[in-house]
6 protein chains.
Amino acid sequence: MRILIVNPNTTASMTERIAAAAEAVAASQTTLVPVTSTMGPASIEGYYDEALAVPGLLEAVRSGEREGAQAAIIACFDDTGLDAARCAAAIPVIGICEAAVATASFIAQRFTVVTTMERSRLPLEALMDRYGVGRRATVRAANVPVLALEDPTSSARERLCREIERALREDRAEAIVLGCAGMADLPRQLQVEYGIPVVDGVAAAVKQAECLVTLGLTTAKQGAYAFPLAKPYSGILAGFSPSDALST
Amino acid sequence: MRILIVNPNTTASMTERIAAAAEAVAASQTTLVPVTSTMGPASIEGYYDEALAVPGLLEAVRSGEREGAQAAIIACFDDTGLDAARCAAAIPVIGICEAAVATASFIAQRFTVVTTMERSRLPLEALMDRYGVGRRATVRAANVPVLALEDPTSSARERLCREIERALREDRAEAIVLGCAGMADLPRQLQVEYGIPVVDGVAAAVKQAECLVTLGLTTAKQGAYAFPLAKPYSGILAGFSPSDALST
Amino acid sequence: MRILIVNPNTTASMTERIAAAAEAVAASQTTLVPVTSTMGPASIEGYYDEALAVPGLLEAVRSGEREGAQAAIIACFDDTGLDAARCAAAIPVIGICEAAVATASFIAQRFTVVTTMERSRLPLEALMDRYGVGRRATVRAANVPVLALEDPTSSARERLCREIERALREDRAEAIVLGCAGMADLPRQLQVEYGIPVVDGVAAAVKQAECLVTLGLTTAKQGAYAFPLAKPYSGILAGFSPSDALST
Amino acid sequence: MRILIVNPNTTASMTERIAAAAEAVAASQTTLVPVTSTMGPASIEGYYDEALAVPGLLEAVRSGEREGAQAAIIACFDDTGLDAARCAAAIPVIGICEAAVATASFIAQRFTVVTTMERSRLPLEALMDRYGVGRRATVRAANVPVLALEDPTSSARERLCREIERALREDRAEAIVLGCAGMADLPRQLQVEYGIPVVDGVAAAVKQAECLVTLGLTTAKQGAYAFPLAKPYSGILAGFSPSDALST
Amino acid sequence: MRILIVNPNTTASMTERIAAAAEAVAASQTTLVPVTSTMGPASIEGYYDEALAVPGLLEAVRSGEREGAQAAIIACFDDTGLDAARCAAAIPVIGICEAAVATASFIAQRFTVVTTMERSRLPLEALMDRYGVGRRATVRAANVPVLALEDPTSSARERLCREIERALREDRAEAIVLGCAGMADLPRQLQVEYGIPVVDGVAAAVKQAECLVTLGLTTAKQGAYAFPLAKPYSGILAGFSPSDALST
Amino acid sequence: MRILIVNPNTTASMTERIAAAAEAVAASQTTLVPVTSTMGPASIEGYYDEALAVPGLLEAVRSGEREGAQAAIIACFDDTGLDAARCAAAIPVIGICEAAVATASFIAQRFTVVTTMERSRLPLEALMDRYGVGRRATVRAANVPVLALEDPTSSARERLCREIERALREDRAEAIVLGCAGMADLPRQLQVEYGIPVVDGVAAAVKQAECLVTLGLTTAKQGAYAFPLAKPYSGILAGFSPSDALST
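Parameters and conventions
Numbering of residues begins from 1 in every chain and follows the order in which that chain's sequence is written. Ligands are numbered from 1 and chains lettered from A, in the order in which they are written. Reporting of local features is limited, given that this is a predicted model, to residues whose pLDDT is at least 70; pairs of side-chain atoms are given and counted only at 80 or more, and all residues count toward the totals for whole chains, interfaces and linings. Working from all heavy atoms in the structure, the side-chain values ignore hydrogens and water. UniProt positions are given in the numbering used here, feature names are shortened, and annotations may be inferred rather than shown by experiment. Every helix listed is a DSSP run of H or I at least four residues long, and every strand listed is a run of E at least two residues long, numbered separately from the N terminus. Only C-alpha atoms enter the radius of gyration, while the globule expectation follows 2.2 Å times N to the 0.38, with N the number of residues. Residues are treated as being in contact if the distance between any of their heavy atoms lies within 4.5 Å. A 1.4 Å probe and the Shrake-Rupley method give the accessible areas. Residues count as covered only by the protein chains that appear here. Residues counted as positive are Lys and Arg, residues counted as negative are Asp and Glu, and His and the chain ends are not counted. Note that the charge is assigned to NZ on lysines, CZ on arginines, CG on aspartates and CD on glutamates. For the least-squares superposition of copies, only C-alpha atoms count, and only for residues with pLDDT at least 70 in both. For helices, the axis comes from a line fit to the C-alpha atoms of the stretch in contact; other axes are also lines fit to C-alpha atoms, and the angle between any two N-to-C directions lies between 0 and 180 degrees. Orientation is classified from the angle alone, with under 35 degrees giving roughly parallel, over 145 giving roughly antiparallel, 65 to 115 giving roughly perpendicular, and any other angle giving oblique. For any pair of crossing helices, the crossing counts as left-handed if the nearer helix is rotated counterclockwise from the farther one by less than a right angle, and right-handed if it is rotated clockwise. The cut-offs for exposure are 20% and 50% of the maximum accessible area for each residue type, with area from a 1.4 Å probe on protein chains only; residues under the lower value are buried, those over the upper are exposed, and the others partly exposed. Clockwise travel from the first strand over the helix to the second, with the strands pointing away from the viewer, marks a crossover as right-handed. By definition, two strands form a pair when at least two bridges between them are found by DSSP. The term polar contact refers here to a pair of N or O atoms within 3.5 Å; inside protein, the definition further demands a hydrogen-donor-capable atom paired with an acceptor-capable atom, and it admits residues adjacent in sequence only when both atoms are side-chain atoms. When two parts are put together, the accessible area they lose, computed with a 1.4 Å probe and summed over both, is reported as buried area. For this analysis, a salt bridge means a side-chain nitrogen from Lys or Arg found within 4 Å of a carboxyl oxygen belonging to Asp or Glu. Three residue categories are used. Nonpolar comprises Ala, Val, Leu, Ile, Met, Phe, Trp, Tyr, Cys and Pro, charged comprises Asp, Glu, Lys and Arg, and polar comprises the others, including Gly.

- Per an unreviewed UniProt entry, chain A is named Allantoin racemase, and its organism is Pseudorhizobium tarimense.
- Recorded in UniProt under Sequence similarities (unreviewed entry), the annotation for chain A is "Belongs to the HyuE racemase family."

Below you can see the structure in the form of structure tokens.
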């Protein structure tokens, strides 16, 4: 089983940490294919970065599928470009926020998502509503830039822990969801430290991808996720025009 | 990895078909432990049957956990007794409706659940709301008794198909979710027949259980799913009194 | 008019206090029939106790109906087993939470439910959603075990009052709903003490039961509350198999 | 016990039929005081009539309270002026729609409100949302003018029945709620005719009023229903200026 | 273009300030017609005042339309009588709360409404739900009587500012909506003072009225806003009986 | 006043028709600046096209703002890239769907959006939820490709009319919202033809843009719409890296 993990943040060191977290939980027969997007922002913080990360992501998903991937993971907690990627590909595509939320829902009635920057709080609240857990989930920002998570000398971990402690006290969170792909190395330690379940979206998404492939399920192609229609595209994005193969 | 599958319908032939569907998707290192509940209704159709299936289910979950199960599945699409079982056990407990809905949500924006009897329609609509997909999911009843699914000479399959066809036409369903543990043998054929994804909860729950175990996640014990408090129980249910071990 | 009040907590002293509160508001022509369940937990605190209280409750409702009750009340604020009891009986069945909420809704726009244990908070929040007052009602736990309410020397009343005061200050509650059958003796005193309406579910349910009987209304039997279908039941619950009379 | 029933439709013959329906269910110790409003529309059909029925209604509620009423009922299914009347009075005030919905909710999971004119459908849908039953209730209009219900030679009853039959077939209604005070004489016959519960708001409101008085509950005066503040009123409505007594 | 602005508060000095704020934003070709209602409360604070302001408002809207107004504005933040006025008139009718909320929604994801009295908080929360921004908007009361806003020596402005500061800190408001027609002179100063967008409903409504007139859009007359049916009205409100012209 | 209208569909003939519809309603002192995006799909039909239209749109908005535009309109009914554009610009940015919905909400309680292709139906239903009108609005697709609207010989208009007629009959729509920028030339004729309000988003957005500029309101920059943070961007999108000016 071949599973593509696209990091839409164009920072290779971050992809490495994501890949390590993914490998730690993947089944032995799974081959993970981690890819760093080649177009767009070094880190995704807010709607503007999100939107401009999508072409690179779509390119990576389409290439990955052509090269045999059976499922794709979008390794950004905003689930950037998820709907577009589901249209572009026949294989299942999984967002790490969506996977984390689905996973946390099996083990806790109330949970808190701890994300990086305040500007990501409202986009994630909207995702919680979309995924049907608006009443179950609280979203908190630790005021940590995404790339500070790459830097062991930053205060990122402390700030994150401070917010987890507030979640336990003020939100009466039963579980914590880590709200950034860059936190994928932390759940096990935090789970021991705080004595409650801690869910990371990257790991969760790997397992969900394996599930879907094993179950023989692929994205529904009748309705909102139909393949894009063939038509001309202009300018530097002309290459993204849906191919005939894609739109049959 | 050892995963318990409890059939709260006290009909052994149904458990066999559930077990076969589960085996078909389980990982090679997974040992499935299918158990037929020893107390309660032969089939679960409506709230009354549901409620009286719960003690047998809880008994089976507690025994299963003592004997080493690392996760438990409730193989009834009403997710009967799910919250109680999560309190009783330390291991994760998964309902097949919840698993099917989570799985379908990764591949379709709108889906239809086709269940057995009309009396199960409103309980399932309430579950759709609970799982946050009330706006995405339609529930239909095929007017098929649960145990008719055991009988190849019944018209069960035809009725089911008629309702799937209505779902495609009237609900514009992008995927179908089979709304009864007794339909676990059908998804692959129906998927071929109708050309859209068909999700069975038993198979979905097996994969979700494997996910949670691999991720090292167990039921949150701070909050709504805390272990039951030690206290006396009366009458024929006296044996259900939470043990000290359980309530520590 | 004959109204059954079932205490699904198997503690007779609690039933006595419930009966006294019920008598205080019953119409002169009403005969109350208080019954303590004979199976299940001494007190209901959380989902596990809730589930195991149901068979005893159903037994009591079915017996009560056979002996001529025209309505039944479930005297546990979790409205444990309400749907199952409505299937089992032809007479109307009323949960005390449901009755309290309906009553409070006539006199206040925002109210706070003060319940016993933290583990009951989320189940009650789910009930508030079910009864359509999720936006109007706040739920608070006073951290008082149910049976401590039986003990005049405990600090139960103080803790309850502390939480009421917080509700007035922090939730701007316009009314208080007492969230446990074991608090049925308190509303009048608290109403004087705090100068706002205080609603007890036991008293509210007695009046709602009288309403329904006078209006000639019984549980709808076409749909979700249809009588259970005749079928075999196994093990220690075999006696719960729906009788022919029941399922006609 | 003295209960005021205000008919905000200024049509005395309608008040008589309302009073008869109320008397049929009132407790023996209850004295009903039916009053026809002296200002405003002969019948209430749509928002414009609704708004102009309110001053007459408020006048009647205030007079009735001064003369010793312990509760007041607004006998118009739009629950016209309900919030204003709750501010104006210390006694509880009950809308017949609110009472019917609360009553139906105890006996059915899904019900259909059959009202008079299409122009009342959306206002009633908004009330269903307000009362938290938007997902449980369907609203249908029978295309019958309110005062046609006074005329036994009209086709009103036929049209009503046609809509009830549609509700059973298309909405799978488990119970019917009659959506106009002018239908208060019909529930018993229709209940026999259709074999499902039929709820009339006038009767339901009488019983709810008796409940609240017996329980010693009055409108919350801290918050949205506080007494109006003393201030000058102009023009033909000058007499409505809150008295000092009212606003203390 | 002729736009009517009705102040349903019967206080002429308040109308003057409203008119000034309206003039400041009106297009050069717009003629504003400010009118003080001649019946009802000097200021609108809570449901009782609201209800009794409606007849005067409707009278003013109908007169204004007869005299050639092409749109009407209701200058009270409770949007008092909005639905009734839409039935009464053919021209579009705009509430200032509705206009403010629509306007704020274009520039901010989360905003706080700062209104006058606590008793208006829950009515405004209900409006936020009606206008679909219940999750985006917080409502706060500054504890300022409406007419204190007319008095430059009162502490009204200070209290308002204190609440705005709380909104920034505690609600993380991105914009402020001023929740009273009597605050119409403040937005520009406050916007400078706090550095975030401040929306006043009067100004917003003037622009929305101009939009609708330019776009050639008038109130939908098929459905809930159909003209009132011709029928007799009684008592001091007899003159409000819909004219034939109105009800054709 | 200078208002930018960006057509994110890279089809110049469509931009011309949009510009004509905009000119027809713009104030005399408004200068409209219509721009056709230079990157991305010829027409936007579904999520994939939507996502790839965003970079060109953002480029156009940023250029337009630098050249003095005081507000920007996104002329695609999916409101593609709206949040990202609000981050990128200081001036207000308006989506035509959002503007149409806000406008329709002032004149009708229930309306139907008639869009082009079935694949756009679910994305628009999600927008209706986002804009708080999920319960008020129905979305229908006429099965018309976007560019067929450019071709007078196609059956586009007939199909559109057929769907409008269904909306009147089946949805009881009180008004129609045209769900594609390419329909901007139709509202006046259809309004005459069907006798109900017909709202076009392009015209509505022009008026909303004028409102915001006149009111001195710009996008909130504290919160979700904060300027993007300065950071490197890779590949063909490197030029989109937020400038220092932008991110200050």
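**Focus: the overall build of chain A**
Part 1 of the argument: Each helix and strand in chain A was counted, giving nine helices and ten strands.
Part 2 of the argument: Radius of gyration (C-alpha) of chain A: 18 Å, near the 18 Å computed for a compact globule of 248 residues.
Part 3 of the argument: Seen along its three principal axes, the alpha-carbon backbone of chain A occupies a region of about 55 × 35 × 35 Å.
Part 4 of the argument: Intrachain contacts of chain A at a sequence separation of at least 6 include 69% that bridge at least 24 residues.
Part 5 of the argument: A total accessible area of about 7,500 Å² is found for chain A, and carbon and sulfur atoms account for 51% of it.
Part 6 of the argument: Looking at chain A, you have 22 positive and 28 negative side-chain charges, and the mean spots of the two groups are 4 Å apart.

**A few points about the relation of the copies chain A and chain B**
Part 1 of the argument: Once chain A has been moved 0.0 Å along the axis and rotated by 180 degrees, it coincides with chain B to within an RMSD of 0.0 Å. The transformation just described matches what one would write down for a two-fold rotation axis. Looking at the rotation axis and the C-alpha trace of chain A, the residue lying nearest is A:G132, at 1.9 Å.
Part 2 of the argument: In this assembly, 100% of the residues forming the interface of chain A have copies in chain B that are likewise at the interface, indicating an isologous arrangement.

**So, the relation of the copies chain F and chain A**
Part 1 of the argument: It takes a turn of 180 degrees to lay chain F on chain A, together with a shift of 0.0 Å along the axis; the resulting RMSD is 0.0 Å.
Part 2 of the argument: Of all interface residues in chain F, 100% are interface residues in chain A too; the two copies therefore contact each other through one and the same surface.

**Some remarks on the packing of helix 1 (residues 12-25) of chain C against helix 8 (residues 201-214) of chain C**
Residue and element names in this part refer to chain C.
Part 1 of the argument: Relative orientation of the contacting elements helix 1 and helix 8 amounts to 50 degrees, with a least axis distance of 9 Å. The orientation of helix 1 relative to helix 8 falls into the category oblique. Read as a crossing pair, helix 1 and helix 8 show a hand that is right-handed. Note on element contacts: helix 8 touches helix 1 through V202, A203, V206 and K207, opposite I18, A22 and V25.

**Considerations on the pairing of strand 1 (residues 2-7) of chain E**
All names here are of chain E.
Part 1 of the argument: Of all six residues making up strand 1, five are buried, and the element is well covered by its neighbours.
Part 2 of the argument: Following the backbone out of strand 1, through helix 1 (residues 12-25) and into the adjacent parallel strand 2 (residues 31-36), one traces a crossover that is right-handed.
Part 3 of the argument: In this sheet, strand 4 (residues 71-74) lies alongside strand 1 in parallel orientation, the contact comprising four bridges. Looking at the pairing, V6 lines up with I74 of strand 4.

**A short note on the environment of D:R140**
All names here are of chain D.
Part 1 of the argument: Relative to the elements of secondary structure, R140 occurs in strand 7 (residues 137-141).
Part 2 of the argument: Along the primary structure R140 and G179 are separated by 39 residues, whereas in three dimensions their C-alpha atoms are 8.9 Å apart.
Part 3 of the argument: Other than its neighbours up to four places away in sequence, R140 contacts T112, V113, V114, T115, E163, R166, A167, E170 and D171.
Part 4 of the argument: Polar contacts involving the side chain of R140 include one to the side chain of E163, which spans 2.9 Å.
Part 5 of the argument: Polar contacts involving the side chain of R140 include one to the side chain of E170, which spans 3.2 Å.

**What about the interface of chain A and chain B?**
Part 1 of the argument: With 44 residues of chain A at the contact, the number on the chain B side is 44 residues.
Part 2 of the argument: When the two sides are added together, the surface that chain A and chain B hide from each other amounts to roughly 3,500 Å², 61% of it contributed by carbon and sulfur.
Part 3 of the argument: Area buried by chain A at its contact with chain B is led by A:F106, A:I107 and A:L215, which between them contribute 21% of it.
Part 4 of the argument: Taken together, the connections running from chain A to chain B amount to zero salt bridges.
Part 5 of the argument: The interface formed by chain A and chain B includes 17 residue pairs in polar contact (both at pLDDT 80 or more).

**Thoughts on the interface of chain F and chain A**
Part 1 of the argument: Counting residues at the interface gives 40 residues for chain F, matched by 40 residues for chain A.
Part 2 of the argument: Overall, the association of chain F and chain A removes approximately 3,500 Å² of surface from exposure, summing both partners, and the carbon and sulfur fraction of that is 67%.
Part 3 of the argument: Residue A:E45 pairs with F:K231 through a salt bridge whose shortest N-O separation is 2.7 Å.
Part 4 of the argument: If you look at where chain F meets chain A, you find 20 residue pairs in polar contact (both at pLDDT 80 or more).
Part 5 of the argument: Among the secondary structure elements, those contributing two or more residues to the side of chain F that touches chain A are strand 3 (40-41), helix 2 (47-66), helix 3 (82-88) and strand 10 (233-234) of chain F.
Part 6 of the argument: Sorting elements by how many residues they give to the side of chain F that touches chain A places helix 2 of chain F first, with nine residues.
Part 7 of the argument: Split by residue class, the side of chain F that touches chain A holds 27 nonpolar, seven polar and six charged.
Part 8 of the argument: In this structure, strand 10 (residues 233-234) of chain A lies alongside strand 3 of chain F, joined through two bridges in antiparallel fashion. Looking across to strand 3 of chain F, one finds that A:Y233 is bridged to F:P41.

**Here we look at the arrangement of the chains**
Part 1 of the argument: Separated without contact, chain A and chain D have their nearest C-alpha atoms at a distance of 16 Å.
Part 2 of the argument: In this assembly chain C lies apart from chain F, the nearest approach of their C-alpha atoms being 16 Å.

**Let's talk about the pattern of salt bridges**
Part 1 of the argument: One pass over the full model with this rule turns up 108 salt bridges over all chains.
Part 2 of the argument: Here B:R17 makes a salt bridge to B:D185, at a shortest N to O gap of 3.4 Å. Taken as a pair, B:R17 in helix 1 (residues 12-25) and B:D185 in the loop between strand 8 (175-179) and helix 7 (187-194) lie far apart in primary sequence, 168 residues in all.
Part 3 of the argument: Note on B:D185: relative accessible area 40%, which makes it partly exposed.
Part 4 of the argument: Members of the salt-bridge network, linked through shared partners, are A:R140, A:E163, A:R166, A:R169, A:E170 and A:D171.

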